[in-house]
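Below, each chain spelled out in residue letters.
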Amino acid sequence: MTKHPIRLRVNGEAVDGEVEARTLLVHFLREQLGLTGTHVGCVVGECGACSVLVDGALVKSCLMLAVQADGCAVTTIEGLSTSATSGTPGPPGTLHPVQEAFINRFALQCGFCTPGFVMAAHALLTRNPDPTDEQIRQELSSNLCMCTGYVQIVEAVKEAAARLRGKDAAR
Amino acid sequence: MTRYIGTSVRSKEAPRHVTGRGRYVDDLTLPRLLHACILRSPYAHARIVRVDLTRAAEHAGVKAVITPADVQQLSRPFKPGRYAAGLRVPIPEYASAVDKVRYVGEPVAMVAADTRGRAEDAVELIDVEYDALPAVVTTAEAAAPSAPPLYEALGSNVAWQGHVAYGDVDAAFARADRIVRENLKIHRYSSTPLEPFACLAQATADGMTIWCNSQSPDVIYEALAEALGLERVRVIVPDVGGGFGQKIHLIRKYAVLTALMAVRTGRPVKWIEDRSEHMMAGGHSCEQEFDVEAAVKSDGEVLALKIRDTDDVGGSVSTLTIHFTNKLNNLFNTYKVQHLRLEGRSVLTNKCPVVPNRGIGKPGMCFVWERTMDRVAQELGLDPIEVRRRNLVAKDQFPYTTPNGNIHGSGDYQALLDKVLANVGYDEVRRRQQEQRRGGASRGPHRARLRDGVQDPPSGRLLGIGVVIGVEPGGRNAARDMAIFPQSKQVLGAGGVEGATVKIEKNGAVVFTLGSPSCGQSHETTAAQIVADVLGVSPGRVSLAGTFDTALSPWGVSSANSGNNFHLYDVGAVHGAATRLREKVLTLAAHLLEADRESLQIDDGIVYGGRASRAGGDGVASRPADSSTAESMSFAELGTIAYSNQALLPPGLEPGLEATYYHSHPHADPLMLPDAQGRVRAQYTFSSAAHAAVVDVDVDTGRVRVVRYAIVSDNGTLINPSVVDGQIYGSAAHGISVALGEGFVYGADGQLLTLTLLDYGKSTTLETPRIEVEHYPIPDPFTTLGQKAAGEGAAIPSPAAIASAVEDALAPFGVKVRHLPLSPERVWELINGVGGHFSRTLTGTNGSVL
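Residues numbered from 1 in each chain as written. Chains lettered and ligands numbered in written order. Predicted model: local features only at pLDDT ≥ 70, side-chain atom pairs only at ≥ 80, totals over all residues.

(A) How the structure looks around the packing of helix α16 (residues 566-593) of chain B against helix α17 (residues 635-644) of chain B. Residues and elements named next belong to chain B. Interhelical geometry of α16 versus α17 gives an angle of 95° and a closest axis separation of 11 Å. Considering their axes alone, α16 and α17 lie roughly perpendicular with respect to each other. Residues V585, L588, A589 and L592 of α16 pack against L638, I641 and A642 of α17. (Axes fitted to C-alpha atoms, helices over the stretch in contact; angles between N-to-C directions. Helix = DSSP H or I, 4+ residues; strand = E, 2+ residues; numbered from the N terminus. Parallel < 35°, antiparallel > 145°, perpendicular 65-115°, else oblique. Contact = placed C-beta atoms within 7 Å.)

Dropping the structure here:
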């Protein structure tokens with residue numbers, strides 16, 4: 001099968017790749033770049049475990065071909081703490097407020113859906129810094145979690161929102 | 001000292017998961033790795049006539065194909081295991097189909113290629129000729145004498161029939177004022193872990209290493225040894241993306257196929273199941289039908305129960321009786337009833353085999369009890385909560401032994417009901433409900449169905465409340481099955497055995513190894529809290545040494561993420577190992593500090609002699625450089641000596657600071673093995689909880705919205721309350737989703753119609769209510785810390801709670817809720833008194849249109 005060259009930015013770094021036309025973005029990220037934090041739970045866009053940001057928009061990377069990401073800027077879970085600071089890679093442990101809140105609120109169990117939920121929550125809070133419980137539940141219905149019953153995830157998103165607003169207020 | 005036990009100590013697992021640094025099987029790779037893909041049966045029932053590999057073998061990148069003939073030639077079949085207790089003819093089962101296929105999705109062949117894409121391409125090029133046979137999809141069809149048998153050797157699809165009986169059921173029925181009868185059904189569902197099955201196998205010089213997301217690594221260990229005749233098998237379980245029972249049993253087939261492919265190709269092979277494969281062949285919970293008769297007194301006392309249980313076990317004999325035998329675990333629920341007969345029938349059908357799944361038969365058993373209690377109340381004109389209260393085991397009866405031998409260590413069931421009623425505002429809900437039913441205007445086609453004097457609510461919505469109670473058994477005792485099958489001489493898994501190792505490293509860091517894998521239940525966090533308290537060190541300095549590995553982990557028969565085992569065996573083992581290590585630390589420190597051993601104290605990783613003043617918790621020992629005059633020593637100092645300086649060790653003390661302890665439940669007896677009456681400890685601990693569900697039913701669409709869901713739960717001593725909360729939220733959410741319509745739907749030809757999570761109807765954040773939990777812990781008198789189980793718990797009573805609430809909401813229509821799921825379609829049919837409400841195959845799922 002013919003290979004297609006692609007060039008994109010992933011977590012702030014320039015990346016060149018060669019992919020089959022049928023290669024999904026999620027498989028490119030996982031297999032060629034080793035960014036295994038983006039997970040495959042259904043590969044048909046229902047579970048959200050593969051959620052990433054493409055040019056700032058929340059995307060299920062199993063529903064996008066790698067060739068479609070040519071020229072785009074992609075942020076994966078591995079790049080979240082970086083993008084939240086000055087855009088430069090931070091030391092491990094420099095967590096995004098959403099990540100901090102997910103830890104603090106026990107908002108995960110097996111962890112398989114977690115990167116997708118963290119990305120979705122981050123995208124939500126970028127659009128709406130102070131969502132209600134109902135808005136959080138509406139927006140996060142894009143993702144599935146089989147372990148938590150969502151209670152602590154919703155709490156974490158509210159806590160993250162408060163942390164982020166506090167940060168903005170402090171500026 | 002319990003400084004950390006009982007507090008929500010920060011999660012040790014979460015930091016890696018929120019940063020994408022979890023490590024699951026699919027994240028691993030090896031040099032020269034091949035990718036495997038499986039060809040599955042498109043038929044529900046067919047004979048395999050011919051397999052032609054010509055086209056597939058020629059496809060670019062393909063390295064090998066394994067056919068049914070290869071499987072038969074190169075591997076041995078699994079022996080019927082304990083899940084198949086009661087199987088009357090030993091039927092060998094291979095890792096793939098060999099002669100016939102018995103369900104859509106049954107594995108037929110495996111391809112390995114250099115990329116996953118090429119393996120998938122090649123699977124489509126395998127030509128299989130099938131001779132299609134008639135499929136039997138419902139138990140009624142399958143049990144008919146004329147039905148085509150799935151296994152000719154059995155002669156019939158009714159593969160097992162039997163019963164258990166306790167007390168004098170006939171005498172109790174003779175004494176009854178009334179017999180209450182009901183037919184109940186609970187449908188097929190699963191827990192659909194987000195990470196599907198995954199195996200990575202590498203043949204070694206003398207055996208096999210497999211990375212596998214198994215919940216019960218012993219199953220994989222035994223399967224590879226048995227099927228491939230391997231003497232050296234190493235099973236490594238990295239992070240697991242959810243289990244819930246799904247990853248206990250059928251996964252062994254895929255471990256064997258992947259390992260066989262690794263042998264055949266001489267290269268490491270990875271196989272990752274995809275979502276639709278998991279939906280069709282990863283295993284389902286069992287569709288169960290119950291004919292219930294309750295012998296009752298006019299005052300609501302239940303004297304006895306007779307139950308006829310028909311289990312649809314699908315297309316395999318390998319889990320023939322698990323959904324029956326697991327009902328022994330909560331056979332009497334929370335009730336003091338003394339007489340009960342449970343008849344069982346396991347019927348084979350051309351559907352996915354059933355597997356252990358979050359409670360196994362226990363949600364069904366709880367459904368029987370709680371629906372029956374509501375029905376008894378209705379028929380006697382009593383309050384449903386009062387009927388439950390009349391039959392509950394009383395607070396002063398604990399420890400309470402059920403008629404079938406389970407010992408409920410502690411509990412206060414009345415208090416759970418009191419609290420949940422208060423929390424949900426029961427009286428207020430009833431008041432609002434009455435108001436709603438009084439006002440109203442007539443509208444809609446269902447108007448004629450309303451009972452006399454009841455007004456159609458103006459909003460088109462009906463409020464309902466259901467209150468139920470249940471137990472959550474914990475700690476597996478596999479000898480249970482001998483109660484039903486006394487002919488089985490093997491006592492595999494009697495009681496429980498599980499190990500743990502705790503070590504203080506040379507630098508003072510504390511690491512531990514558990515005997516069982518975690519699937520997301522925070523084993524590391526919880527165990528670290530126990531180690532921290534026992535050793536006298538902060539949890540921040542305690543960590544898990546590594547993931548489960550049969551070559552390194554101290555494992556035993558209970559080493560499984562199954563049976564709600566963690567609280568009993570892992571906690572007992574890690575507590576025992578830490579206690580043993582503490583003794584050694586004190587022996588060494590007493591010698592070095594020249595202090596009386598009894599006078600020593602440990603705080604924050606520093607051992608203080610009797611004369612010492614505390615260092616203030618900064619981890620630095622207050623001692624002069626000359627150890628002979630020291631008054632305290634840190635773990636790092638002790639570690640350095642223990643591993644490096646024999647001259648300073650007390651005579652006879654083994655060097656090193658490490659201890660391993662294998663825990664067996666000290667209170668496993670009495671009734672670890674069944675007595676003459678068939679009484680046996682099915683499980684060892686019994687958490688309990690009352691659930692109150694408030695629902696709002698849309699009369700026009702049949703959609704059920706859960707507006708409140710309150711739980712009061714007794715899980716014994718809480719080690720990490722937030723972790724326990726999470727287990728309760730998650731299991732409740734699953735049971736609620738099941739009741740509202742999540743489920744598998746088959747066509748009459750045996751084709752699975754719900755191949756995706758959307759079709760299957762899994763609840764999202766929108767359908768799942770904000771579950772409210774209050775803890776009411778009553779420590780168990782028989783466990784290490786008073787702890788009880790917390791895992792599958794709330795999935796057991798929640799389907800019954802929703803059923804009760806929906807029936808209550810629909811009371812103006814006088815309809816009975818007998819069957820799950822309560823999808824909008826089903827509820828609409830109930831409201832309108834029409835439709836195939838009892839159809840057994842084409843049942844609507846949540847939001848799907850058939």
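(B) Looking closely at helix α3 (residues 97-104) of chain A. For α3 of chain A, a buried count of seven out of eight residues is recorded, marking the element as mostly surrounded by other parts of the structure. One or two residues past the end of α3 of chain A sits F106 of chain A, with phi positive at roughly 55°. (Buried ≥ 20, exposed ≤ 12 C-beta atoms within 10 Å, placed from the backbone.)

(C) The arrangement of the interface of chain A and chain B in detail. In this complex, chain A contributes 40 residues to the contact, which on the side of chain B involves 45 residues. Counting only elements with at least two residues in the side of chain A that touches chain B, the list comes to α3, α4 (114-127), α5 (133-139) and α6 (151-170) of chain A. Looking at the side of chain A that touches chain B residue by residue, the class counts come to 21 nonpolar, 14 polar and five charged. (Nonpolar A, V, L, I, M, F, W, Y, C, P; charged D, E, K, R; others polar.)

(D) Here's a closer look at the sheet that holds strand β25 (residues 632-634) of chain B. All names here are of chain B. In space, the three strands of this open sheet follow the order β23-β24-β25, with antiparallel pairing throughout. Each edge of the sheet is formed by a strand with only one pairing partner; in this case those strands are β23 (601-603) and β25. Across the sheet, the mean angle separating the axes of adjacent strands is 20° when strand polarity is ignored. One ladder, built from three bridges, connects strand β24 (residues 606-608) with β25; its direction is antiparallel. Counted as the bridge partner of V607 is M633 from β25. Contacts from α17 reach β24 and β25 within the one sheet, and its direction differs from that of β25 by about 75°. (Pairing = 2+ DSSP bridges.)

(E) Expanded view of the domain arrangement of chain A. Residue and element names in this part refer to chain A. For chain A, the assigned domains read domain 1 (3-80) and domain 2 (95-170). The straight-line distance from the C-alpha centre of domain 1 to that of domain 2 is 22 Å. Contact with domain 1, which involves 15 residues of that partner, is made by 14 residues of domain 2. In terms of residues, the side of domain 1 that touches domain 2 owes the most to one element, strand β3 (residues 51-54), which gives three residues. (Domains from an automatic or database assignment.)

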